[in-house]
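# Fold and geometry: a report
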Amino acid sequence: MAQTTSEPDASAVRRLLPPRVNAETMRFWAAAQEGKLLYGYCDACHQTHYYPRTLCPYCFSDETQWKAGSGHAVVYTYSIMHRSPTGPYAIAYVTLAEGPSILTNLIDCDFERIKIGSPVKLVWRATEGDGTPPLPFFTVV
Amino acid sequence: MSIKGKSYIMGAFEHPTRKAPDKSAPQLHAECAKGALADAGLTKADIDGFFCAGDAPGGPMSMADYMGLRNLRHLDSTDVGGSSYILHVGHASEAIAAGKCSVALITLAGKPLTEGAGAPARASALGTRPEDAFESPYGGTTHNQYAMCATRHMYEYGTTSEQLAWIKVAASHHAQYNPNALLRSVVTVDDVVNSPIIATPLHRMDCCVVTDGGGAVIVTNREVAGQLKRPKVRVLGAAEGVKGPFGGSSLDLTVSAAALSGPKAFAEAGVKPSDIKYASIYDSFTITVLIQIEDLGFCAKGHGGRFVADGNLISGVGKLPFNTDGGGLCNNHPSNRGGITKVIEAVRQLRGEAHPKVQVRNCDLALAHGTGGSLGTRHGAATLIMERE
């Protein structure tokens, strides 16, 4: 087990590793490479969900489709993390215009401007490596 | 079938250490088991049921072999984080009611203070849990995930940092009497709200301690309990639950799985929240306590801030004496999992063996409740109701 480190390292930069892609999530990450954020929609119960699943987490139907969201959302809740070797960052749940709330970071914005209910929009960030999928983030509009 | 009245907590032991550079984690498990057996007046050969969770190195096979538990006929390694050991008392009671074991040992131990966070492994985008690729890149930690619940609770109900601080203040009033507590200084609301921000809106003093150590309890059937000399703590009701974003279409971070487990445990026990004389409430963070108190029905949803303020959780002062050992906020949170200490302090109270300064008068009915995992993502919960026979 690693020793606990409490000293912040000023030179440390938060790394964005590419996500592990599996047979079920492959199309989510392929769409991400085209700039589309997919969420789950169930043709049987008409509910939306995130992260997308093959079987609907509400009614368990397999009549799900993965739709591209508008990228518009509002902040459901957030916290500014100060205990971080790579500097403060904002973690948040944002509620997509299409329905589901998703865990993300709010980036490229003044933390003071973040409030519950603030409108935010989707931004993509590249991950390490060549041809790897980007990750979805949000920024305050 | 109900477990009501069919099992007894007859042994309880909290390891006195809070920092153990010279001991191994398996050793701490064994020392806790030995302590609980001695407390009960039983021997290792009597144990025929063994319960452990993710902190047990190698799980039940390695631990049974390491400790030499040769007579096991019932095993359970259900892991719901820090609430596992409260859940284990319920599962042990089920096994005892079904005749599958007669003397159940439950252990928790670990050394996060001297060995780092360790198990459970840090979440990673490369993990294989279904949510890993979608959540782990965003730097979620225990601190900031629970903090997001606090942000939302403040938004919906007007809860304040000062109200949350009262939870730590109450725990500190109790910890001053516990010679083994890691933090024994009484603190004020000002001390808490002026301590450094860890993850908004939570301050350092809103967070539990990190300690090495552990604990163990022994649950027996009625026949074994009748042969022992210790006061009898009878299990009346137990229930568990799990809650997560469940797809995120109706995210509600102000409600925990206590809303699922609490009512079932009260129904099985045949008692109501206002009957409870003492409550062990899992205190990984101050906000954890507040949300659980609401969900367990000690006050209405959204009224937790007012309920915990002004010393209402302090023994001898308020209506709901809680965590009279100092809790996870001041006393002990071994292996970053506090569940077993919640059961142990409830047993002390029901036996009349808590410190005289914090002992609840005529304490004949107690509750222990835990939340494990992350309140801000997915978590397990276990509620246990016990009485003095």
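The numbering scheme is per chain: residues are counted from 1 as the chain's sequence reads. As they are written, the chains are lettered A onward and the ligands numbered 1 onward, keeping that order. Local features in this predicted model are restricted to residues of pLDDT 70 or higher, and side-chain atom pairs are both shown and tallied only at a pLDDT of 80 or more, whereas totals for entire chains, interfaces and linings draw on every residue. Neither water nor hydrogens contribute to the side-chain values; these are computed over all heavy atoms in the structure.

### Structural notes on the packing of aromatic side chains
Aromatic pairs are defined between Phe, Tyr and Trp rings, using the six-membered ring for Trp, whenever the two ring centres lie within 6.5 Å; interplanar angles under 30 degrees are classed as stacked, those over 60 as edge-to-face, and all others as tilted. A complete count under the given rule lists 9 aromatic pairs over all chains for this structure. Between the aromatic rings of A:Phe28 and B:Phe134, the centroid separation amounts to 4.8 Å while the plane-to-plane angle is 80 degrees, which identifies the pairing as edge-to-face. Within this pair, whereas A:Phe28 is found in helix α1 (residues 26–32), its partner B:Phe134 is found in helix α5 (residues 132–135), the two belonging to separate chains. Geometrically, the ring pair formed by A:Trp29 and B:Phe134 is stacked, given 5.5 Å between the ring centres and 20 degrees between the ring planes. On the criterion of chain membership, the pair formed by A:Trp29 in helix α1 and B:Phe134 in helix α5 is interchain, its members lying in two chains. Secondary structure follows DSSP: runs of H or I at least 4 residues long count as helices, runs of E at least 2 residues long count as strands, and numbering of each begins at the N terminus.

### Topic: the packing of helix α1 (residues 25–40) of chain B against helix α2 (residues 59–67) of chain B
All names here are of chain B. Lines fitted to C-alpha atoms define the axes here, with helix axes fitted over just the stretch in contact, and angles between the N-to-C directions of these axes take values from 0 to 180 degrees. Close contact between α1 and α2 brings their axes to 10 Å; oriented N to C, the two are set at 65 degrees. Along this stretch, α1 crosses α2, giving a crossing that reads as right-handed. Along the contact surface, α1 presents Pro26, Gln27, His29, Ala30 and Ala33, while α2 presents Met63, Tyr66 and Met67. Under the scheme applied here, ten amino acids are nonpolar (Ala, Val, Leu, Ile, Met, Phe, Trp, Tyr, Cys and Pro), four are charged (Asp, Glu, Lys and Arg), and all others, including Gly, are polar. In terms of residue class, the contact of α1 with α2 is built from 6 nonpolar, 2 polar and no charged. The handedness criterion is simple: a crossing whose near helix is rotated anticlockwise from the far helix by less than a right angle is left-handed, and one whose near helix is rotated clockwise is right-handed. Should any heavy atoms of two residues lie within 4.5 Å, those residues are counted as being in contact.

### With respect to the pattern of salt bridges
A side-chain nitrogen of Lys or Arg and a carboxyl oxygen of Asp or Glu constitute a salt bridge if their distance falls within 4 Å. Tallied over the full model, the rule gives 27 salt bridges over all chains. Overlapping salt bridges bring together B:Arg129, B:Glu131, B:Asp132, B:Glu135 and B:Arg378 as one network.

### Thoughts on the interface of chain A and chain B
Taken together, the contacts link 43 residues of chain A with 43 residues of chain B. We define buried area as the total accessible area lost by two parts upon association, computed with a 1.4 Å probe and summed across both. Each partner contributes to the roughly 3600 Å² buried at the junction of chain A and chain B, and carbon and sulfur atoms together form 60% of this total. Ranking the residues of chain A by area buried against chain B places A:Arg20, A:Tyr51 and A:Tyr76 at the top, with a combined share of 19%. At the junction of chain A and chain B, the tally comes to 0 salt bridges.

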